[in-house]
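# An overview of the molecular structure
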Number of protein chains: 2
Amino acid sequence: MLEARLGEAAEFKKVIDAIKDLVQDCNFDCNDSGVALQAMDNSHVALVAMLLKAESFEPFRCDRNIALGVNLTSLTKVLRAAQNDDILTLKAEDAPDVLNLVFESKANDRISEYDLKLMDIDQEHLGIPDTEYAATVTMSSAEFKRITTDLIAMSESVTIDVSKDGVKFSAQGDIGNGSINLRQHTDLEKSTNSVEIELSEPVALTFSLKYLVNFCKASALSTRVKICLSNEVPLLVEFGLSGTSYLRFYLAPKIGDEE
Amino acid sequence: MLEARLGEAAEFKKVIDAIKDLVQDCNFDCNDSGVALQAMDNSHVALVAMLLKAESFEPFRCDRNIALGVNLTSLTKVLRAAQNDDILTLKAEDAPDVLNLVFESKANDRISEYDLKLMDIDQEHLGIPDTEYAATVTMSSAEFKRITTDLIAMSESVTIDVSKDGVKFSAQGDIGNGSINLRQHTDLEKSTNSVEIELSEPVALTFSLKYLVNFCKASALSTRVKICLSNEVPLLVEFGLSGTSYLRFYLAPKIGDEE
DNA sequence: TGCTTGCCCA
DNA sequence: TGGGCAAGCA
């Protein structure tokens, strides 16, 4: 059986919120190391990979592997009933029909309990290779969100150029062109605004802005975002969660004429 | 003639706001004890009973019985012209064609005056028996509102179970089940959050959530709500107004298959 | 007609 | 930041 308790429902609510527009149904794969989710988006262009490690829960118990097939729209409805600072406990039997969610107010005067019906989901589990990326940009997630929403006004695509000194986001469209240049720098006053770049070789790749904007729903989860690029490999956009848990989005680059 | 003055227009505005989606046209019955309203909702499932007692007005004058037949949509339009902290005076002749509403700013630099045309409304006046309820729950109106809106995501109906120790709201639906348990308790820090239960015998009844959600528009009127239940008798949901004035909603339970 | 999403106000 | 309202879609 699974029993996993989170001190604050807010993070889980935000994670599901950030995923639910990309994926309708997916499995939560639970084992003794934590709860994992991996799914292609509906149009098979992007991939979401979430890992909530066991140490992010207190307590965490999961005796054996359980796959919980969840409809994320339904889960969102249920999670709307959780206050942000509620204690959230996920429970499931070993061969479950339902996922049991318990919300307890911190004051302990209210207990809400929901049973969410589960479904069987056949899911090809894609092994995601552990890539050494040519370029890794770590920056403010709010700024990344801002850049993507600004540029989507100009074009459907953005080209991300990473060089030693900085990163350039540029878009060409019917009404004109736009580009944002960020220098690598350490902001001593507001360290969340720093732009860090790790580079083995310069990279320039083009991506669909629609997806990037969508990924940025997760910007509420972390002040920082890590953007990893290599030629001919999907972009990785990673938001850190509590502990070393994470929410990752992958997006294949546009090639040639597609741009 | 009627002349009734309220220090703050806000309460009257909120009362009409809370009723207007249930009832289109109804009589304001005025006599020397105050202004009363009683009406079935359009589908004859729920009943609204409002009483604004004479002492809630200052001054209050009403020489004889007057029935003011008002279209609540029109009244809402007129009330939109009143600032929340305006002084509101209702006036009518003994056999009136119009209800006269005067809004005065507290600073006394603006006087708005509206005449609302009245209509003849034939209204069966239902005597509402003064029931001794088997169970009475008094709780935070915000929490009651929250519970009804949370559960309507799961189902059309809610079952309210009142026992000595607490009250349980539960709903079963296609995507799963949900329930909220509140223990009877006194919250010393935030007394509006206390849950009080008076019980002569346990009660479990099922009601349409759509109506309860609607009733909860009145939650802005009072931090507390009183929920009274007895078997085979309509539920009473009461919001206290200034003084001992009140706004009450009645709703017949669902029976058997209807659930 | 009801539900969902986006915008505006408190 | 959360709730309420209005518009657009299924």
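Every value quoted in this text rests on a predicted model; they were computed, and no experiment measured them.

### Structural notes on the UniProt feature "domain: Proliferating cell nuclear antigen PCNA C-terminal" (unreviewed entry) in chain A
Those places that UniProt annotates as "domain: Proliferating cell nuclear antigen PCNA C-terminal" (unreviewed entry) correspond, in this numbering, to residues 127–254 of chain A. For the annotated span residues 127–254 of chain A, helix accounts for 14% and strand for 44% of the residues, and the straight-line distance between the end C-alpha atoms is 22 Å.

### Remarks on the environment of Glu3 of chain B
All names here are of chain B. For Glu3, the position within the fold is in strand β1 (residues 2–6). Relative accessible area serves as the criterion here: at 31%, Glu3 is assigned to the partly exposed category. With 36 residues separating them along the chain, Glu3 and Ala39 place their C-alpha atoms 23 Å apart.

### A word on the nonpolar core
Phe28 and Leu247 of chain A together with Phe28 and Leu247 of chain B are the most contacted members of the largest nonpolar core, which has 159 residues in total. When neighbours within four sequence positions are excluded, Leu247 of chain B is seen to be in contact with Val15, Ala18, Ile19, Val48, Ala49, Met50, Ala218, Leu221, Val237, Glu238, Phe239 and Leu241 of chain B.

### A word on the relation of the copies chain B and chain A
Two chain copies, one operation linking them: a rotation about an axis together with a shift along it. Overlay of chain B on chain A (RMSD 0.1 Å): rotation 115°, translation along the axis 0.9 Å. Here the copies are linked by what is in effect a three-fold axis. When each C-alpha of chain B is compared by its distance to the rotation axis, Ala220 of chain B comes out closest, at 18 Å.

### Here's the deal with the UniProt feature "domain: Proliferating cell nuclear antigen PCNA N-terminal" (unreviewed entry) in chain A
Per the UniProt record, "domain: Proliferating cell nuclear antigen PCNA N-terminal" (unreviewed entry) is found at residues 1–124 of chain A. What you have in residues 1–124 of chain A is 15% helix and 46% strand, and the ends, taken at the C-alpha atoms, are 24 Å apart.

### As for the packing of aromatic side chains
In this description, a pair of aromatic rings is defined by centroid distance and the angle of the planes. All names here are of chain A. Tallied over the entire structure, the rule returns 12 aromatic pairs over all chains. Geometrically, the ring pair formed by Phe57 and Phe60 is tilted, given 5.2 Å between the ring centres and 40° between the ring planes. Overall, Phe57 belongs to the buried group, its relative accessible area being 3%. Phe60 gets classed as buried once you look at its relative accessible area, which sits at 17%. With a centroid separation of 5.5 Å and an interplanar angle of 35°, the aromatic rings of Phe103 and Tyr114 are classed as tilted. A residue pair is termed long-range when its members are at least 10 positions apart, and Phe103 in strand β8 (residues 98–104) and Tyr114 in strand β9 (residues 110–117) qualify at 11 residues. Through successive ring pairs, a cluster of aromatic residues spans Phe215, Phe239 and Phe249.

### Here's the deal with the layout of surface pockets
The computed volume of the largest pocket comes to approximately 440 Å³. Contributing to the lining of the largest pocket are 24 residues, with Asp130, Leu236, Glu238, Arg248 and Tyr250 of chain B lying nearest its centre. Those elements that place two or more of their residues in the lining of the largest pocket are β3 (34–40), β4 (46–53), β16 (224–229), β17 (235–240) and β18 (246–251) of chain B. Considering only residue class, the lining of the largest pocket consists of 13 nonpolar, 4 polar and 7 charged. Taken as a whole, the second largest pocket spans an internal volume of roughly 360 Å³. Lining of the second largest pocket is provided by 20 residues; of these, Gln83, Ser105 and Arg110 of chain A together with Glu143 and Asn193 of chain B occupy positions nearest its centre. Looking at the lining of the second largest pocket, the elements with two or more residues in it are β9 of chain A together with α3 (141–151) of chain B. Per-element accounting of the lining of the second largest pocket gives the leading share, 5 residues, to α3 of chain B.

### Topic: the pattern of salt bridges
All names here are of chain A. Under the criterion given, the structure shown has 21 salt bridges over all chains. The salt bridge involving Arg146 is made with Asp150; its shortest N-O contact spans 3.1 Å. Residue Arg146 and its partner Asp150 are both found in helix α3 (residues 141–151); the two are separated by 4 residues, about one turn of the helix.

Parameters at a glance
Counting starts from 1 at the beginning of each chain's written sequence and moves along it residue by residue. All chains are assigned letters beginning with A, and all ligands numbers beginning with 1, in the order in which they are written. pLDDT decides what is reported in this predicted model: residues at 70 or higher carry local features, side-chain atom pairs at 80 or more are listed and counted, and totals for whole chains, interfaces and linings draw on all residues regardless. No hydrogens and no water enter the side-chain calculation; it runs on all heavy atoms of the structure. UniProt positions are given in the numbering used here, feature names are shortened, and annotations may be inferred rather than shown by experiment. By definition, any uninterrupted DSSP run of H or I lasting at least four residues is a helix, any uninterrupted run of E lasting at least two residues is a strand, and each is numbered from the N terminus. Throughout, exposure labels follow a simple rule: accessible area from a 1.4 Å probe, protein chains only, divided by the maximum for the residue type, with under 20% read as buried, over 50% as exposed, and the rest as partly exposed. What is meant by a nonpolar core is a set of buried Ala, Val, Leu, Ile, Met, Phe, Trp, Tyr and Cys residues, joined one to another through side-chain atoms within 4.5 Å. In this analysis, two residues are considered to be in contact whenever any of their non-hydrogen atoms come within 4.5 Å of each other. Fitting of the copies onto one another was done by least squares over C-alpha atoms, counting residues only where both copies have pLDDT of at least 70. Stacked, edge-to-face and tilted are the three classes for Phe, Tyr and Trp ring pairs, Trp counted by its six-membered ring, which pair at centre distances within 6.5 Å; planes under 30 degrees apart are stacked, over 60 edge-to-face, the rest tilted. Put plainly, a pocket is an open set of points on a 1 Å grid over the protein atoms alone with protein on both sides within 12 Å along at least five of seven lines, a cavity is a set where a 1.4 Å probe fits but cannot get out, and a lining residue has an atom within 4 Å of a point. Grid points are joined across faces, edges and corners, and a volume is the space filled by probe spheres set on the points. Amino acids outside the nonpolar list (Ala, Val, Leu, Ile, Met, Phe, Trp, Tyr, Cys, Pro) and the charged list (Asp, Glu, Lys, Arg) are all regarded as polar, and Gly is one of them. Salt bridges are identified by distance alone: a Lys or Arg side-chain nitrogen within 4 Å of an Asp or Glu carboxyl oxygen.

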